Amino acid sequence: MEPSLPPGLYIVATPIGNLSDLSPRASETLRRADHILAEDKRVTAKLLKYAGARAPMTVYHDHSSDEDRRRTLDMLASKAVALVSDAGTPLISDPGYKLVRAARAGGYSVFTIPGPCAAIAALTVAGLPTDRFLFAGFLPAKTKARRDAIGELGTVKASMVFYESGPRLADSLADLASCLGPRDAAVVREISKLHEECVTGTLAELAERYATAPPKGEIVIVVGPPPQREASEKDVDTALRESLATLSPSRAAADVADRLGIPRKRVYARALELSR
Ligand code: SAM
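As a starting point, this report considers the structure included with it. (Residues numbered from 1 in each chain as written. Predicted model: local features only at pLDDT ≥ 70, side-chain atom pairs only at ≥ 80, totals over all residues. Heavy atoms only, no water.)

**A few points about the packing of aromatic side chains**
Alright, step 1. Tallied over the full model, the rule gives three aromatic pairs.
Alright, step 2. Their ring planes at 25 degrees and their centres at 4.6 Å tell us that Tyr10 and Phe111 sit as a pair that is stacked. Taken as a pair, Tyr10 in strand E1 (residues 8–12) and Phe111 in strand E5 (residues 110–113) lie far apart in primary sequence, 101 residues in all.
Alright, step 3. Residue classification places Tyr10 among the buried residues on the basis of a relative accessible area of 5%.
Alright, step 4. The class of Phe111 is partly exposed, set by a relative accessible area of 30%. (Phe/Tyr/Trp six-rings, centres within 6.5 Å; stacked < 30°, edge-to-face > 60°. Helix = DSSP H or I, 4+ residues; strand = E, 2+ residues; numbered from the N terminus. Buried < 20%, exposed > 50% of the residue type's maximum accessible area, 1.4 Å probe, protein only.)

So this is what it looks like as structure tokens:
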């Protein structure tokens, strides 16, 4: 029998399709926890069997009552309580946020055991910029609400990540294409499972591909950032004036060329002119 863990709430990430992705630390935490909170006891029972964990389980979701949460908080004073979702990282389009907030407010320890997350896994295979991204969860099911939601994201200068289901994929891609215009995107499906695939193309191409053939399985859509507008002469002048306030013409030219993504020789002569 392994010793139990210090009391507190343990947020444990679990596999998104391949049991071998359960980390040794996650497995050990489940075995040593005194109690486990699960979205669906039948789903989690299989994982616990795989990990060799035998702690009692209670169902927890964000619709659980304040009274349920209070009972959980009472346990945290003396017990190690692990929160898992059906798959992936709890709280990421999954229950847990209200519980973590309440645990923190009550002064209890909260630990995270990081691991699989479909959004992050999809970003790693999509081949789209990852320096800035916005995780937008599930788009609304109804057309108007979905288009409004996409419209609000239209000016975000970052890649975007959406969770989606097979039957709704084509409609979502069509709305993304019509609201966001020509952008590179990827449909990443069944990550870490037998039929894992990543299909790339423009939003319009992907919308057409899936229009008549809704795919099976679990899906993440990754959309690239808006294409960068070609810098105008005015943009160059504004940037140069800013840089020339502190830098030599040659350095200012290099700095502006870098910032605007344009060749240095296009900027250098103008930097000399403006510095006179
Ligand atoms: N908390 C989970 C995580 O960390 O990724 C996400 C839970 S959310 C309720 C479920 C959605 O995640 C699915 O509808 C799908 O969009 C995405 N997803 C989960 N597993 C996936 C997989 N193996 N491949 C692709 N997408 C997946």
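**A look at the site of the ligand**
Alright, step 1. As a matter of local geometry, the ligand sits amid 18 residues, with Ile16, Asp94, Ala118, Tyr163 and Ile219 nearest to it.
Alright, step 2. Within the backbone of Ile92, a nitrogen or oxygen atom sits 2.8 Å from a nitrogen atom of the ligand.
Alright, step 3. Here the ligand loses 90% of its free accessible area of 570 Å² to cover by the protein chains.
Alright, step 4. At a threshold of 2 Å from the grid points, most atoms of the ligand map onto the largest pocket.
Alright, step 5. Those elements that place two or more of their residues in the shell around the ligand are strand E7 (159–165) and strand E10 (218–223).
Alright, step 6. With three residues, E10 is the largest single contributor of residues to the shell around the ligand.
Alright, step 7. Of the residues in the shell around the ligand, the class split is ten nonpolar, three polar and five charged.
Alright, step 8. Split by domain, the shell around the ligand shows at least three residues from each of two domains, domain 1 (8–113) and domain 2 (118–223). (Near = heavy atom within 4 Å. Polar contact = N/O pair within 3.5 Å; in protein donor to acceptor, adjacent residues only side chain to side chain. Areas by Shrake-Rupley, 256 points an atom, 1.4 Å probe, with all protein chains shown as cover. 1 Å grid on protein atoms, 1.4 Å probe; cavity = no way out; pocket = protein on both sides within 12 Å on 5 of 7 lines; lining within 4 Å. Sits in = over half its atoms within 2 Å of the grid points. Nonpolar A, V, L, I, M, F, W, Y, C, P; charged D, E, K, R; others polar. Domains from an automatic or database assignment.)

**A short note on the packing of helix H6 (residues 143–153) against helix H7 (residues 166–180)**
Alright, step 1. Where H6 meets H7, the closest approach of the two axes is 10 Å, and the angle between their N-to-C directions is 45 degrees. Here H6 lies oblique to H7, going by the angle between them. Two packed elements cross with a definite hand, and for H6 against H7 that hand is right-handed. Facing H6, whose interface residues are Thr143, Arg146, Arg147 and Ile150, H7 presents Asp171, Ser172, Asp175, Leu176, Cys179 and Leu180. (Axes fitted to C-alpha atoms, helices over the stretch in contact; angles between N-to-C directions. Parallel < 35°, antiparallel > 145°, perpendicular 65-115°, else oblique. Left-handed = near helix turned anticlockwise from the far one by under 90°. Contact = heavy atoms within 4.5 Å.)

**A look at the nonpolar core**
Alright, step 1. In this structure, Phe162, Leu173, Leu176, Leu203, Ile221 and Val223 are the most contacted members of the largest nonpolar core, which totals 22 residues.
Alright, step 2. Residue assignment for this core shows that the elements contributing at least two residues are H6, E7, H7, strand E8 (184–189), helix H8 (203–211) and E10.
Alright, step 3. No other element matches the five residues that H7 contributes to this core.
Alright, step 4. Dropping the residues within four chain positions of it, Phe162 is found in contact with Ala136, Gly137, Leu139, Leu153, Leu176, Ile219, Val220, Ile221 and Val223.
Alright, step 5. Of all hydrophobic cores here, the second largest spans 18 residues; its members include Ala51, Ala53, Ala80 and Val84. (Core = buried A, V, L, I, M, F, W, Y, C linked by side-chain atoms within 4.5 Å.)

**Focus on the environment of Ala271**
Alright, step 1. Within the secondary structure layout, Ala271 lies in helix H11 (residues 265–275).
Alright, step 2. It is 9.4 Å that separates the C-alpha atoms of Ala271 and Arg251, two residues lying 20 residues apart in sequence.
Alright, step 3. Contact partners of Ala271, with chain neighbours within four places excluded, come to Leu240, Leu244, Pro249 and Ala253.

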